[in-house]
Amino acid sequence: MIIDIPEGKDPIGYVWGEMVPGIGLAASNFSLSVYSHSTLGLREFEAARLKIAQVNGCIFCLDWRTERDGQKVEPEFADAVTNWRTTHRFDERTRLAAEYAERYATDHHHLDDEFWDRMRAHYSQTEIVELSMSIGSWLAFGRLNHVLGLDAVCVLPGHSS
């Protein structure tokens, strides 16, 4: 980790909440809003989120699984995200969510009319905007955590460090 964390402080809480409170708290609220207010189905949400975690290499994000109403995606889901082009585990919306996340993060200049035609065939305009904002949040904040080394010191609830 490249940021010095005072003894006894939670690294995420300190960096996101105390170091730059005017920015960190707003970023934290945006990040939390993506989870609290999403209308996307759990599978497409997690396909996009996990694809960004894979692109970013964020250790914490790769280990995290979003839970909704007591449900999480199956353990093999992350492997299916890696293989989104060929997996039989995804419907078209889930496959498109993984594809969009990958292209958004690695090749956004080449999101062409053919891609958008496929997206509009399966997602409403509102869902496309929501998915875009979610992907942007995960890309920015997962990358921030990885670059600063915070992802290596974050501990999931119920996990020991």
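As the structure is a prediction and not an experimental result, all values here were calculated from the model. (Residues numbered from 1 in each chain as written. Predicted model: local features only at pLDDT ≥ 70, side-chain atom pairs only at ≥ 80, totals over all residues. Heavy atoms only, no water.)

Teacher, can you tell me more about the packing of helix H1 (residues 11-19) against helix H2 (residues 21-36) here?
The geometry of a pair of packed helices is captured by two quantities: the angle between their axes and the separation between those axes. Two elements in contact, H1 and H2, have axes whose closest approach is 5 Å; the angle formed by their N-to-C orientations is 120 degrees. Taken as axis vectors, H1 and H2 run oblique relative to one another. Packed against H1, whose contacting residues are Trp16, Gly17, Glu18 and Met19, the element H2 presents Pro21, Gly24, Leu25, Ala27 and Ser28 at the interface. Its residues assigned to classes, the contact of H1 with H2 comprises five nonpolar, three polar and one charged. (Axes fitted to C-alpha atoms, helices over the stretch in contact; angles between N-to-C directions. Helix = DSSP H or I, 4+ residues; strand = E, 2+ residues; numbered from the N terminus. Parallel < 35°, antiparallel > 145°, perpendicular 65-115°, else oblique. Contact = heavy atoms within 4.5 Å. Nonpolar A, V, L, I, M, F, W, Y, C, P; charged D, E, K, R; others polar.)

Help me understand the nonpolar core, please; the structure alone is not making it clear to me.
Burial of nonpolar side chains together is a common tendency in soluble globular proteins. Membership of the largest hydrophobic core comes to 30 residues, with the highest contact counts inside it found for Met119, Tyr123, Leu131 and Ile135. Setting aside residues no more than four positions away along its own chain, methionine 119 makes contact with Leu96, Tyr100, Ile128 and Leu131. Tyr14, Val15, Trp16 and Leu148 belong to the second largest nonpolar core, which has eight residues in total. (Core = buried A, V, L, I, M, F, W, Y, C linked by side-chain atoms within 4.5 Å. Buried < 20%, exposed > 50% of the residue type's maximum accessible area, 1.4 Å probe, protein only.)

Help me understand the packing of aromatic side chains, please; the structure alone is not making it clear to me.
In this description, an aromatic ring pair is defined by two values, namely the gap between the centres and the angle between the planes. By the definition in use, this model includes 12 aromatic pairs. Where tryptophan 16 meets phenylalanine 141, the ring centres are 5.0 Å apart and the plane angle is 70 degrees; that geometry is what we call edge-to-face. Residue tryptophan 16 is found in helix H1, and its partner phenylalanine 141 is found in helix H8 (residues 125-148); the two are separated by 125 residues along the sequence. In this structure, tryptophan 16 and phenylalanine 141 share a single accessibility class: buried. Consider the rings of phenylalanine 77 and phenylalanine 90, whose centres lie 5.2 Å apart with planes at 45 degrees: the pair is tilted. With a gap of 13 residues between them, phenylalanine 77 in helix H5 (residues 77-82) and phenylalanine 90 in the loop between H5 and helix H6 (92-106) connect regions that are remote in the sequence. An identical accessibility class is assigned to phenylalanine 77 and phenylalanine 90; each is buried. (Phe/Tyr/Trp six-rings, centres within 6.5 Å; stacked < 30°, edge-to-face > 60°.)

Which parts of the structure should I look at to understand the layout of surface pockets?
Remark: the empty space left among the atoms is shown by a probe the size of a water molecule rolled over them. If you add up the space inside the largest pocket, you get close to 520 Å³. Along the walls of the largest pocket sit 21 residues, with Ser31, Leu32, Tyr35, Phe60 and Asn145 positioned nearest its centre. Tallied by class, the residues present in the lining of the largest pocket amount to 12 nonpolar, eight polar and one charged. (1 Å grid on protein atoms, 1.4 Å probe; cavity = no way out; pocket = protein on both sides within 12 Å on 5 of 7 lines; lining within 4 Å. Points joined across faces, edges and corners; volume = space filled by probe spheres on them.)

Please clarify how H6 should be interpreted in this entry.
Residues lying three or four places apart along an α-helix face the same way, a consequence of the helix completing one turn every 3.6 residues. For H6, with 15 residues, the first-to-last C-alpha span of 21 Å sits near the 21 Å given by 1.5 Å per residue. Within H6, 11 of the 15 residues are buried, which leaves the element mostly enclosed by the surrounding structure. For H6, the set of buried residues is Thr94, Arg95, Leu96, Ala97, Ala98, Glu99, Tyr100, Ala101, Glu102, Arg103 and Ala105. Close packing links the buried residues of H6 with helix H3 (42-56), H5, helix H7 (113-122) and H8. Where H6 starts, the residue carrying a side-chain oxygen 3.3 Å from the main-chain nitrogen of arginine 93 turns out to be aspartate 91. (Expected span 1.5 Å × (residues − 1). Polar contact = N/O pair within 3.5 Å; in protein donor to acceptor, adjacent residues only side chain to side chain.)

Help me understand the pattern of salt bridges in this model?
When charged atoms on two side chains of opposite charge get close, those side chains can pair. With the rule as written, the count across this model stands at 14 salt bridges. A salt bridge links arginine 43 to glutamate 74; the nearest nitrogen and oxygen atoms lie 2.8 Å apart. Taken together, the positions of arginine 43 in helix H3 and glutamate 74 in the loop between helix H4 (59-63) and H5 put the pair 31 residues apart, joining distant regions of the chain. Of the charged contacts in the structure, one is a salt bridge between arginine 93 and glutamate 44, with a shortest N-O distance of 2.8 Å. Placement of arginine 93 in helix H6 and of glutamate 44 in helix H3 is noted, with a sequence separation of 49 residues between them. Linked through salt bridges whose partners overlap, the residues forming this network are Arg43, Glu74, Glu76 and Arg89. (Salt bridge = Lys/Arg side-chain N within 4 Å of Asp/Glu carboxyl O.)

How should I be thinking about a nonpolar patch on the surface in this particular structure?
Among the surface-exposed residues, Met19, Val20 and Ile23 lie close enough to one another that they form a single nonpolar patch of about 280 Å² accessible area. Summarising the element assignment, methionine 19 is placed in helix H1. (Patch = residues over 30% accessible without salt bridge, like charges linked within 9 Å, V, L, I, M, F, W, Y side chains within 5 Å. Areas by Shrake-Rupley, 256 points an atom, 1.4 Å probe, with all protein chains shown as cover.)

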